[in-house]
Amino acid sequence: MQDIINTAKKLIDKYNIGEPIKIMEVCGSHTMAISKYGLRQILPPNIKLISGPGCPVCVTAQNEIDAVISLAGKGMTIATFGDLIRVPGNNSSLQEERAKGKDVKVFYSPIDALEYAKANTSKEVVFIGIGFETTIPSVALTIKEAHAKKIKNYSVYCLHKTMPKALEALVVNGSDIQGFLLPGHVSAITGSNIYNFLVDKYKIGGVVSGFEAQDILMSVVMILKNMKNPKIEIQYKRVVREEGNADAKKLIEEVFEDSDATWRGLGMIEGSGLKIRDLYSEYDAEKKFHIQKPSEQIEINGCRCGDVLMGIISPHQCPLFGKACTPVNPIGPCMVSSEGSCAAYYKYGA
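Keep in mind that this is a model prediction, so the values were computed, not measured.

**Observations regarding the overall build of the chain**
- Within the chain one finds 16 helices and eleven strands.
- For 350 residues, the compact-globule formula gives about 20 Å, and the C-alpha radius of gyration of the chain, at 20 Å, lands near that figure.
- With respect to the principal axes defined by its C-alpha atoms, the chain has extents near 65 × 45 × 35 Å.
- Across the chain, the fraction of contacts at a sequence separation of at least 24, relative to all contacts at a separation of at least 6, is 76%.
- With an accessible surface of roughly 15,100 Å², the chain has 50% of that area assigned to carbon and sulfur atoms.

Below, the structure written as structure tokens:
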């Protein structure tokens, strides 16, 4: 490991142009790995690794949480991933509602939620579809299966978000990023070609990176090497291809279509979300139960999670970090999620 670090440091010094460089990782798993391995500390002072909106739980907006809570209040069985139950809405969380007796169940996979619906036909099961392109195919599969087998008590509240438009929003909104560590898991589905617009329109390069220390360090070297001639490259070639996974993309395209989406911290981004196509509308919880998202979003006093997600500040610059806000008592979603930037900084140190 030390030999790898020494080699990487030599290459980083070789290609370091000496000017301030911000490289943003947009994957929660990268954020955790960077913190775990202490990679920020071994880089030259002018090269900054900053966290972006790569945690799907963290970017779920407060009014979306409120809408889910309203469903629980109507007697639905809410099926969700574990991290989401602790994320605060404007007035409550799913964890608090479960403590009050609401039927909120945690599943590791949407397939498990569908199986639960099959076994409990008297219950109306609503799966909360969050996550990026990594998890979207498995949710699409449950919708197709429910449709084929005429399972009537299962639906999906689609809060999925897609990565390219969010990256563009960060660039347009002036986050001053010179390069991206692009997400490995997402790119295994989408491929790397979806990021070509970063070079074509904005002259910003990026590298799809793996998750080991040597993967991330080599990706940083590749970004630095191409600073004057930006490119989109793949370091994580053992998993990711330029064209992506054709079958998974076809499945997503069949079940979902693009829509606008609201991101916590970034606001509404056109074309950055998905909605269920009309063919499968009976499995669209938003239509089935006429869900109305509350428009008001109350800022949590002092919490700067939105600025963390945009890379404007580091977690330790939030006044609540490590004081009022800890993993035991999380105030904002960046501390709630196991892949959140604040959770990573707290666990491994800034």
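**Thoughts on helix α12 (residues 246–255)**
- Among the residues making up α12, those that are buried are Ala248, Leu251, Ile252 and Val255. End-on, the buried residues of α12 take up no more than an arc of 100 degrees, which puts them together on one face. Opposite its buried face, α12 presents the exposed residues Ala246, Lys250 and Glu253, each directed more than 90 degrees away.
- Looking at the packing, one finds that the buried side of α12 touches α7 (136–148), α9 (184–190), β10 (256–263) and β11 (267–276).
- If you check the start of α12, you find a side-chain oxygen 3.1 Å away from the backbone N of Asp247, and it comes from Asn245.

**Observations concerning the state of the cysteines**
- Counting across every chain of the model gives one disulfide.
- Between the sulfur atoms of Cys305 and its disulfide partner Cys334 the distance amounts to 2.2 Å. Because the sign of the S-S torsion sets the handedness, a value of about 75 degrees for the bond joining Cys305 and Cys334 places this disulfide among the right-handed ones. Of the two residues, Cys305 sits in helix α14 (residues 305–309) while Cys334 sits in helix α15 (residues 333–336), which places them 29 residues apart along the sequence.
- You can call Cys305 buried: its relative accessible area is 5%.
- For Cys334, a relative accessible area of 1% puts it in the buried group.

**As for the sheet that holds strand β5 (residues 125–129)**
- Read across the open sheet, the four strands follow the order β4-β3-β5-β6; overall the sheet is parallel. With partners counted over all chains shown, the strands left at the sheet margins are β4 (104–106) and β6 (154–158), one partner each. Shown here is a sheet whose adjacent strand axes are inclined to one another by a mean of 30 degrees, direction ignored.
- Pairing geometry for strand β3 (residues 77–80) and β4, over three bridges, is parallel. When the bridges of β4 are listed, Thr80 appears paired with Val106.
- On the sheet, helix α6 (residues 110–119) packs against β3, β4, β5 and β6 and is oriented at approximately 170 degrees with respect to β5.
- Sitting on the sheet, α7 touches β5 and β6, and the angle it makes with β6 is about 145 degrees.

**Overview of the side chain of Arg264**
- Along the polypeptide, Arg264 turns up in the loop between β10 and β11.
- Filtering out sequence-adjacent residues up to four positions away, Arg264 remains in contact with Cys58, Val59, Thr60, Ala61, Gln62, Ile65, Val87, Pro88, Leu309 and Pro333.

**A closer look at the nonpolar core**
- Within the largest apolar cluster, 98 residues are counted, with the highest numbers of intra-cluster contacts made by Ile78, Tyr154, Phe180 and Phe256.
- Setting aside anything within four residues of it in sequence, one finds Ile78 in contact with Val68, Leu71, Ala72, Leu94, Asp103, Val104, Lys105, Val126 and Ile128.
- Ala213, Met222, Leu224 and Met227 belong to the second largest nonpolar core, which has 22 residues in total.

**Describing the sheet that holds strand β2 (residues 47–51)**
- Within the open sheet, the five strands sit side by side as β2-β1-β7-β8-β9. Their pairing is parallel. Each edge of the open sheet is held by one strand with a lone partner, namely β2 and β9 (232–234). Strand-to-strand, the axes of this sheet are offset by a mean angle of 20 degrees, without reference to chain direction.
- As judged from the three bridges shared by strand β1 (residues 21–25) and strand β7 (residues 179–182), these two strands associate in the parallel manner. Looking across to β7, one finds that Ile23 is bridged to Gly179.

**Digging into the pattern of salt bridges**
- Enumeration over the complete set of coordinates arrives at 18 salt bridges.
- Between Asp215 and Arg238 there is a salt bridge; the shortest N-O distance is 2.6 Å. One end of the pair, Asp215, is in helix α11 (residues 213–225); the other, Arg238, is in the loop between β9 and α12, with 23 residues separating them in the sequence.
- Residue classification places Asp215 among the buried residues on the basis of a relative accessible area of 4%.
- For Arg238, a relative accessible area of 56% puts it in the exposed group.
- Arg277 is the salt-bridge partner of Glu253, the closest N and O atoms lying 3.1 Å from each other. Of this pair, Glu253 sits in helix α12 while Arg277 sits in the loop between β11 and α13 (285–288), and the two are 24 residues apart along the sequence.
- What you see here is one network of salt bridges that share partners, running through Glu115, Lys118, Glu145 and Lys149.

Calculation rules
Residues numbered from 1 in each chain as written. Predicted model: local features only at pLDDT ≥ 70, side-chain atom pairs only at ≥ 80, totals over all residues. Heavy atoms only, no water. Helix = DSSP H or I, 4+ residues; strand = E, 2+ residues; numbered from the N terminus. Rg over C-alpha atoms; globule rule 2.2 N^0.38 Å. Contact = heavy atoms within 4.5 Å. Areas by Shrake-Rupley, 256 points an atom, 1.4 Å probe, with all protein chains shown as cover. Buried < 20%, exposed > 50% of the residue type's maximum accessible area, 1.4 Å probe, protein only. Arc of directions from axis to C-beta. Polar contact = N/O pair within 3.5 Å; in protein donor to acceptor, adjacent residues only side chain to side chain. Disulfide = S-S within 2.5 Å. Pairing = 2+ DSSP bridges. Axes fitted to C-alpha atoms, helices over the stretch in contact; angles between N-to-C directions. Core = buried A, V, L, I, M, F, W, Y, C linked by side-chain atoms within 4.5 Å. Salt bridge = Lys/Arg side-chain N within 4 Å of Asp/Glu carboxyl O.

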